[in-house]
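The primary structure of each chain is shown beneath.
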Amino acid sequence: MAQGTVQVTHTGTSRWRRRTGEYASLAAALEAAGDGDVLTIAPGTYRENLVLQRAVTLRGAEGAVGSVRIAPADGVPLTVRASATVQDLHVEGQDTSAPALLVEDGTPELLDLRIVTRSAAGLEVRGAARPTVRRCTVDNPAGVGIGVLDGAGGVFEECEVVAAGQSGVSVRGGAHPRLERCRVHHSSGAGLSVTGEGSGLEAIGCEVYEIKGSGVHVSARAAAHLTDSSVHRTTADGITLDTDAVLTLSDCDIHDIPENAVDLRSRSVLTLTRSAVRRFGRNGLSVWDPGTRVDANQCEIHDSTGDYPAVWVSDGATAVLDSCRVHDVPDALFVLDRGSRVDVVDSDLSQVRNTAVSVSDGATAQLDDCRVREASTGAWFRDHGSGGTLNNCTVDSVQTGVIVTKGADPVIERCTITSPTEAGVYVSAEGRGTFHGCRVTASGGYGFHVMDGCRTTLRRCRTERCARGGYEFGEDGPVAEDCTGDDSGVLTARAGAPVPAAPVSVGGLLGPVSSVPSAPPVVPSPAAPQGAAGARTAVVPAPAAPPAAVEGPVAARTAEEVLGELDALVGLDSVKREVRTLTNMIEVGRRRREAGLKAASVRRHLVFTGSPGTGKTTVARLYGEILASLGVLERGHLVEVSRVDLVGEHIGSTAIRTQEAFDRARGGVLFIDEAYALSPEDSGRDFGREAIDTLVKLMEDHREAVVVIVAGYTAEMERFLTVNPGVASRFSRTITFNDYVPGELLRIVEQQAEEHEYRLAAGTAEALRKYFTELPKGPAFGNGRTARRTFESMVERHAGRVAGLTEMSTDDLTLLYPEDLPELP
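Residues numbered from 1 in each chain as written. Predicted model: local features only at pLDDT ≥ 70, side-chain atom pairs only at ≥ 80, totals over all residues. Heavy atoms only, no water.

1. Concerning the overall build of the protein
Helix and strand counts for the protein come out as 13 helices and 66 strands. Within the protein, buried positions represent 55% of all 825 residues. In the protein, the proportion of contacts linking residues at least 24 apart, taken out of those at least 6 apart, comes to 52%. As presented, the protein carries roughly 33300 Å² of accessible surface, and 49% of it is formed by carbon and sulfur atoms. (Helix = DSSP H or I, 4+ residues; strand = E, 2+ residues; numbered from the N terminus. Buried < 20%, exposed > 50% of the residue type's maximum accessible area, 1.4 Å probe, protein only. Contact = heavy atoms within 4.5 Å. Areas by Shrake-Rupley, 256 points an atom, 1.4 Å probe, with all protein chains shown as cover.)

Right, here's the structure in full:
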């Protein structure tokens, strides 16, 4: 029974006015009304099931918005079967088997409605209906928010689903609605669900969030297109595509997703344009199954919150990234399984904690004109059948540029690898690979390091300023043609005398027969075994070489001389104090023993913590030399290794590699950089822990033979010390390397300038200090390395500035001005 009255106003041209008047119920008013009539409902609660079959206007009283409640005990409260207008009503339903508002035909307008219900659906559109729905709100914690089905359509503008017990918006049965500036949140199913052949959804400027499930789910040959929309804060995947689904995302933002940001499989196709995928807990893009494909153009994938690859392509799927950026992630691209393929063009992969591109199990990766920066490994081709091409790519500031293992066979063409800390290229375990026109510059280890049995081909490659040598080849397999180098690494004989070096060109099958002018034969060290050839250094093997020569020079300076070099380093005051304290304790202990007194045991193994570029490797080298000068170590040489040198690819190989590294360091220092990589948090079947266990035992069995220093970021090293009960007990002293302050970075640049015969013009020092103060200190900040790169950039800009001068004075050639500073990133 109605509470209130219904005013019916006849708007037709007929003289018959019998319909005009007030009615005690909505049913009576609708019975009397005709097309074009306006029904104004007085405030109140109407327990009626209404059916609109004429093109009338049904609205609440003016100035009393929301005061009219249509709330029957069961059934459908309001059914629309005509091109009517319904405005300013509050609709409530209680029947879990029926919708609260049902639109079955016509092109009605539904304006400013609030649907609060516990029904099967808040608003359901069926069949031939094509409503226009504006500023309507649906609150239905029991069922679907808005359902469009059975070929229906319609436009939904500025609508909001504030709660849904199932999907927020459900489209099925060939329906095809359009959503504009809508919000869907707090649903217990998918935010937007589109399923079934012929079903489609277009959403523009919409927001889907706070979803207990997937934000968007498209399946079973359905299609959807989202523009300028966002999906965030779901409990499951952000977007899910399954079984021939098609989805296009343009200018969208998918973020704060605890699982996969986008997961697609079973021949689904996703196209992303100018969209962002960020802050995801698993994969940013997860692509599975043959025929499944992702095409991303001008997109950004970044800021992973978990430990999974940003882009995962497997089981024969395909992904294409064009002009994209992937950064601040554990791994950038993982492509695995035969038939799987990833094509990356003109894209940036940076600030990757582990591997930028990983290819395994017969998959293929093609990278053209891409840039890889600040990663542990640039690209890793892992096993037999895995390959692809890297063409005209740059790899900068990584631990290892390219790794090829276990029969993988990629083609690397015209690529440049700059400043790897371990090796430019590392090939092992019968890896293959063809490298053509590639260059490795400023490697902290070798330029190209190819192990025994790896049939790798190098053509017209070049190395420059590689610390341990340009080329390190095993006895069997590698072929090099027209390869040259200008590396600064000098191999040494067992006695420590340096081998004279001269530039050479390496050609043909590289074997042990090369020569150095005016140099007598010397015994090869493990750094250059028989079969190794370098760009500046070649070694003739002696007929009866001792089994294991050691790396690095024999200490020849006194402890005070080495400490003097340490004191000359910029900054590091606390580090210098720690090293001098250790030195004093060792020296006093030695003298006490000589006097027949007891000496305190000094734990020589150290933990170095701090950011990259703070001098950890340099201090480790000096520390070894100090210990040798004090007679604690036999030689004091430094053997620097990382995870790739210690961890094997199969059971048992890790212990062998770790033993070999330890043996090379006998009498000196074994320096393990980024040691925490041996114990990843999500280790699974990882062999890194085997390396730790082996190392702990070796340190106990040969405690006087080797000093071990482990290094890495502070928080990660704290975790590393807890992975094995014996680890923390072996390393009782931690030395922290603090970041350089702007004044110290300035001093490093000044030293670089002095060393290279440049001078800072008036005002340049102050400009540098300001530059280093404003420079972002995020994960990309390299401390001393950043200072040196800044100087190199200044030299390059200086050269560009003065190259055009017809006459150059000494000042022109040497003075660096503030305008030579690079732009802040």
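2. Some points on the packing of aromatic side chains
Think of a pair of aromatic rings as described by two things: how far the centres are apart, and how the planes are tilted against each other in angle. By the definition in use, this model includes nine aromatic pairs. Seen in terms of ring centroids, Tyr471 and Phe473 are 5.9 Å apart; in terms of plane orientation they differ by 65 degrees. Their pairing is edge-to-face. With respect to class, Tyr471 is no different from Phe473; both count as buried. Between Tyr771 and Phe772, the aromatic rings sit 5.6 Å apart at their centres with planes inclined by 70 degrees, giving edge-to-face as the arrangement. With respect to burial, Tyr771 and Phe772 carry one shared label: buried. Joined through ring pairs, the aromatic side chains of Phe435, Phe448, Tyr471 and Phe473 make up one cluster. Note that Arg282 overlies the ring of Tyr308, its terminal NZ or CZ placed 4.2 Å from the centroid. (Phe/Tyr/Trp six-rings, centres within 6.5 Å; stacked < 30°, edge-to-face > 60°. Lys NZ or Arg CZ within 6 Å of the ring centre and 35° of its normal.)

3. Side note on the pairing of strand β38 (residues 309-314)
Most of β38 is tucked away, with five of its six residues classed as buried. Pairing of strand β35 (residues 285-288) with β38 involves four bridges; the strand directions are parallel. In the sheet register, Ser286 faces β38, and the bridge partner there is Trp312. (Pairing = 2+ DSSP bridges.)

4. What to know about helix α7 (residues 688-701)
An α-helical segment advances 3.6 residues per turn. Residues three or four places apart therefore align on the same side. Look at α7: 20 Å from first C-alpha to last across 14 residues, which is about the 20 Å you get at 1.5 Å a residue. Taken as a whole, α7 has its buried residues at Gly688, Ala691, Ile692, Thr694, Leu695, Val696, Leu698 and Met699. (Expected span 1.5 Å × (residues − 1).)

5. With respect to the confidence of the model for the protein
For the protein, per-residue confidence averages 84 on the pLDDT scale, and residues scoring 70 or more make up 85% of the total. Ignoring residues within four places in sequence, the model shows residues 12-18, a span with pLDDT below 50, making four contacts including any to other chains. (pLDDT = per-residue confidence, 0-100.)

6. Some words on the environment of Val359
Following the sequence through the fold, Val359 ends up in strand β43 (residues 348-360). On the basis of relative accessibility, which here comes to 0%, the residue Val359 falls in the buried class. Measuring from C-alpha to C-alpha, the distance between Val359 and Asp383 comes to 8.0 Å, with 24 residues separating the pair along the chain. Apart from the residues lying within four places of it in its own chain, the contact partners of Val359 are Val335, Thr364, Ala365, Trp380, Phe381, Arg382, Asp383, Ser386 and Gly387.

7. Observations regarding the environment of Thr614
Tracing the sequence through the fold places Thr614 in the loop between β60 (606-610) and α4 (616-629). Residue classification places Thr614 among the buried residues on the basis of a relative accessible area of 0%. A sequence separation of 170 residues divides Thr614 from Gly784, and the C-alpha atoms of the two residues are 5.9 Å apart. Excluding residues that lie within four positions of it along the chain, Thr614 makes contacts with Leu572, Phe737, Asn738, Asp739, Tyr740 and Asn783.

8. Let's talk about the pattern of salt bridges
Where side chains of opposite charge bring their charged atoms close, a pairing between them can arise. Taken as a whole and judged by the stated rule, the model has 33 salt bridges. When the shortest N-O distance is used, the salt bridge between Asp256 and Arg279 registers 2.7 Å. Of this pair, Asp256 sits in strand β31 (residues 253-257) while Arg279 sits in strand β34 (residues 276-280), and the two are 23 residues apart along the sequence. Overall, the relative accessible area of 28% leaves Asp256 in the partly exposed class. (Salt bridge = Lys/Arg side-chain N within 4 Å of Asp/Glu carboxyl O.)

9. Here we look at the nonpolar core
Nonpolar side chains in soluble globular proteins tend to be buried together. Counting residues in each nonpolar core, the largest one holds 131 residues, and the members touching the most others are Phe156, Leu270, Phe435 and Phe448. With five residues, β43 is the largest single contributor of residues to this core. Not counting residues within four places of it along the chain, the set of residues in contact with Phe156 comprises Leu123, Val125, Val133, Ile146, Val148, Pro177, Arg178, Leu179, Glu180 and Cys182. (Core = buried A, V, L, I, M, F, W, Y, C linked by side-chain atoms within 4.5 Å.)

10. Describing unusual backbone geometry
Not every positive phi belongs to a glycine, and Asp303 is a case in point at roughly 60 degrees. We classify Asp303 as partly exposed; its relative accessible area is 31%. Here the phi dihedral of Asp361 falls at roughly 55 degrees; this positive angle occurs in a residue that is not glycine. Structurally, the position occupied by Asp361 is in the loop between β43 and β44 (364-368).

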